[in-house]
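# Breakdown of the fold
Each chain is listed here by its residues.
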Amino acid sequence: MDYLLTAVALLVTASSICIHLVTRAKKPCPAELPPGSLGLPVIGQTFGFLCAIRANSVEEWIRDRINRYGPVSKASLFGTPTVLLAGPVANKFVFFSSLMPMLPRSVQRIVGERNVVSHHGDNQVRIRGALSEFLEPDILKMYVGRIDDIVRRHLDENWSGGRTTVTVLPLMKRLTFDILCALLFGLETGTVRDALSDELERMFDGMLAIPVNLPFTAFRRSLGAGRRCRQLLHRITRENKAKLGASPNNDLISQLLSMTDDHGEQLLTNEEIVDSSVGTLIAGHDTTSTLMTFMVRQLANDPATLSSMVQEHEEIAKNKADGEALAWEDLSKMKLTWRVAQETLRIVPPVFGSFRVAIEDIKFDGYCIPKGWQVLWAASLTQMDPSIFHEPAKFDPSRFESQSSARPPCSFVAFGSGRRICPGIEFAKVETLVTMHYLVRQFRWKLCCKENTFIRTPLPVPLQGLPIELEHKPSLSPFKCDQTL
Ligand code: HEM
């Protein structure tokens, strides 16, 4: 029965998309549609696009279309007509116009529909405002010591102890998950956190699967895992609500629970708090771990940059007592390290780009983008453009030395820009700087795989998750983790 319903649903969806495409073509449009072809009905160019993402050749795929049709062209992706745009001016249009971010419907069903990305208008401003308050430097300052403690424990438990090889990506994922769980949900190690980690993994597995809700499909497993994730967070939300006021709890959920509107009512509903927390966990988890993994890979290939970074961190360590945690002021001295991070983000952006949707007919560069069409922006199209970044394949952190460089606005967009710019930039910065501080002072490493390739899933994944040979630096005094923190 379930199968029959799904088949009917698929048929209805496919026919309505076809009808939409046919009728849309007949609608008068105030300006010309962009050049290009929509390909076969429904399928369009989706398979070619997905293969290109996986093979990490999506930039070539888009460039090929630019060569054929120019910087504004049309295609059909995931059953929806899509306009592909390139260049800083196009990025500015995407980030500052009325175009709306969108998560595919199937992903919304998995992660929950009341998250920050899926809302727009007043609701988006209200939810994003609440979230941003927690992620701003004034609040983050208070958490540097906590992040420092988690990082040191992580290195102690997973990198030290005579290990000679480690695989970087899964370890970085565990580290960012631990940091997010502690700061967003107040969850320390234990069965609830392990359960959340398992469910999150299952949820990711089916996120990009064909969205067919049948027994044994990856999509159904992912839907179930998403539901259980939210149930766990609902429980934590209820527990935190019961404790509000009784004990000082500074995690994101407690902060969101204590925010009120002008009438003294809770600002966000429990559903909005849970769905936004899942969204933030997903947005902040793999992105930062990917950045740190690719920094480790870059530093293994670049002894000059590594040695300057070691010097920067030794200088900071000189002024600290043995075992003393880093403070906010220390992070502001890690200028080179953040430039290395930015240059890594330029060459390997964790988020390759994303889709927006037109909520009304809108014009760009003389072309019409009709209401309901998608727009795709891709970070590398400007970040690897030789007319903006000279010798773009060359790793050169000094490109980020001056904020007032001659680069056009919206050409470095690893964190997006405009109203939807990543609200987690400072959070990612703190995690990355603290981790790199301990990593470069405690270890030397060599890559086990010499090839510099990676695939996208859709985040970049280096060969075999980046196994490295590890050597402990003898000159450093052993860590003294303050177990009471
Ligand atoms: C290196 C790390 C990170 C990168 C490269 C990154 C990148 C991005 C990008 C490109 C967007 C905008 C997507 C768009 O405009 O369509 C975004 C949005 C977002 N990011 Fe990040 N991010 C990172 C870390 C984090 C962290 C640590 C958090 C939270 C703790 C976070 C939370 C969010 C949220 C909630 C959004 C959605 C904002 C909205 O729609 O208003 N991100 N991120």
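The numbering scheme is per chain: residues are counted from 1 as the chain's sequence reads. In view of the model being predicted, local features appear only for residues whose pLDDT reaches at least 70, and side-chain atom pairs are presented and counted only at 80 or more, with totals across whole chains, interfaces and linings using the full set of residues.

What follows covers the sheet that holds strand β1 (residues 72-77). Strand order in the open sheet made by the five strands is β1-β2-β8-β5-β3, with mixed pairing throughout. Here the strands that pair on one side only, and so sit at the sheet edges, are β1 and β3 (100-101). As defined by bridge partners, strand β5 (residues 353-357) adjoins strand β8 (residues 374-378) across five bridges and the pair is classed as antiparallel. Considered in β8, the bridge of G353 is made with A378. For two strands to be treated as a pair, DSSP must find at least two bridges joining them. By definition, any uninterrupted DSSP run of H or I lasting at least four residues is a helix, any uninterrupted run of E lasting at least two residues is a strand, and each is numbered from the N terminus.

Looking now at the site of the ligand. Around the ligand lies a shell of 25 residues, among which A283, G284, G416, C422 and G424 are the nearest. For the shell around the ligand, the elements supplying multiple residues, two or more each, are α6 (121-135), α13 (270-301) and α18 (425-442). Looking at the shell around the ligand element by element, the count peaks at seven residues for α13. The class makeup of the residues in the shell around the ligand is 15 nonpolar, eight polar and two charged. For each residue, a C-beta atom is placed from the backbone, and the residue counts as near a molecule or strand when that atom lies within 6 Å of it. In this count, Pro and Cys sit with the nonpolar residues alongside Ala, Val, Leu, Ile, Met, Phe, Trp and Tyr, while Asp, Glu, Lys and Arg are called charged and the others, Gly among them, polar.

This part is about the sheet that holds strand β12 (residues 467-472). Whenever strands of a sheet pair, they do so through backbone hydrogen bonds, lying parallel or antiparallel. Reading across the sheet, the three strands line up as β4-β12-β9 and stay open at both edges, with antiparallel pairing between neighbours. Only two strands of the sheet have a single neighbouring strand rather than two, namely β4 (165-167) and β9 (443-447). Between one strand axis and the next, the sheet turns by 35 degrees as a mean value, whatever way the strands run. Two strands pair when backbone bridges link them, and β9 and β12 are joined in this way by five bridges, in the antiparallel orientation. Across the sheet, the residue bridging to K446 is E469, located in β12. Where helices are involved, their axes are fitted lines through C-alpha atoms of the stretch in contact, as for all axes, and angles between N-to-C directions lie from 0 to 180°.

In this section: α6. In a regular helix each residue adds 1.5 Å, so 15 residues correspond to 21 Å; α6 covers 21 Å between its end C-alpha atoms and thus fits that length. Residues are called buried when their C-beta atom has 20 or more other C-beta atoms within 10 Å, exposed when it has 12 or fewer, and partly exposed otherwise; all C-beta atoms are positioned from the backbone. Taken together, the buried positions of α6 are I127, L131, F134 and L135. For every residue pair, C-beta atoms are placed from the backbone, and the pair is scored as a contact if these atoms sit within 7 Å. Lining the buried residues of α6 we find α7 (137-140), α12 (252-258), α13 and α18. Expected span, for any helix, means 1.5 Å times one less than how many residues it has.

What follows concerns the pairing of β1. Where burial is concerned, most of β1 is hidden: six out of the six residues are buried. Going residue by residue along β1, you find V72, K74 and S76 tucked away on one face and S73, A75 and L77 tucked away on the opposite face as well. Taken together, the six bridges between β1 and strand β2 (residues 80-85) define a ladder with antiparallel strand orientation. Across the sheet, the residue bridging to A75 is T82, located in β2. Where β1 folds back on β2, the antiparallel hairpin that results is connected by two residues, among which F78 adopts a positive phi of roughly 55 degrees.

Moving on to the UniProt feature "binding site: heme" (unreviewed entry) in the protein chain. The positions UniProt marks with the feature "binding site: heme" (unreviewed entry) are C422. Within the secondary structure, C422 is located in the loop between α17 (380-383) and α18. UniProt positions are given in the numbering used here, feature names are shortened, and annotations may be inferred rather than shown by experiment.

Of all hydrophobic cores here, the largest spans 101 residues; its most connected members are L85, M295 and V375. In terms of residues, this core owes the most to one element, helix α9 (residues 168-185), which gives twelve residues. In this structure V375 touches V83, L85, V94, L99, F355, R356, A358 and I369, once residues within four positions along its chain are discounted. The term nonpolar core refers to a set of buried Ala, Val, Leu, Ile, Met, Phe, Trp, Tyr and Cys residues connected through C-beta atoms within 7 Å.

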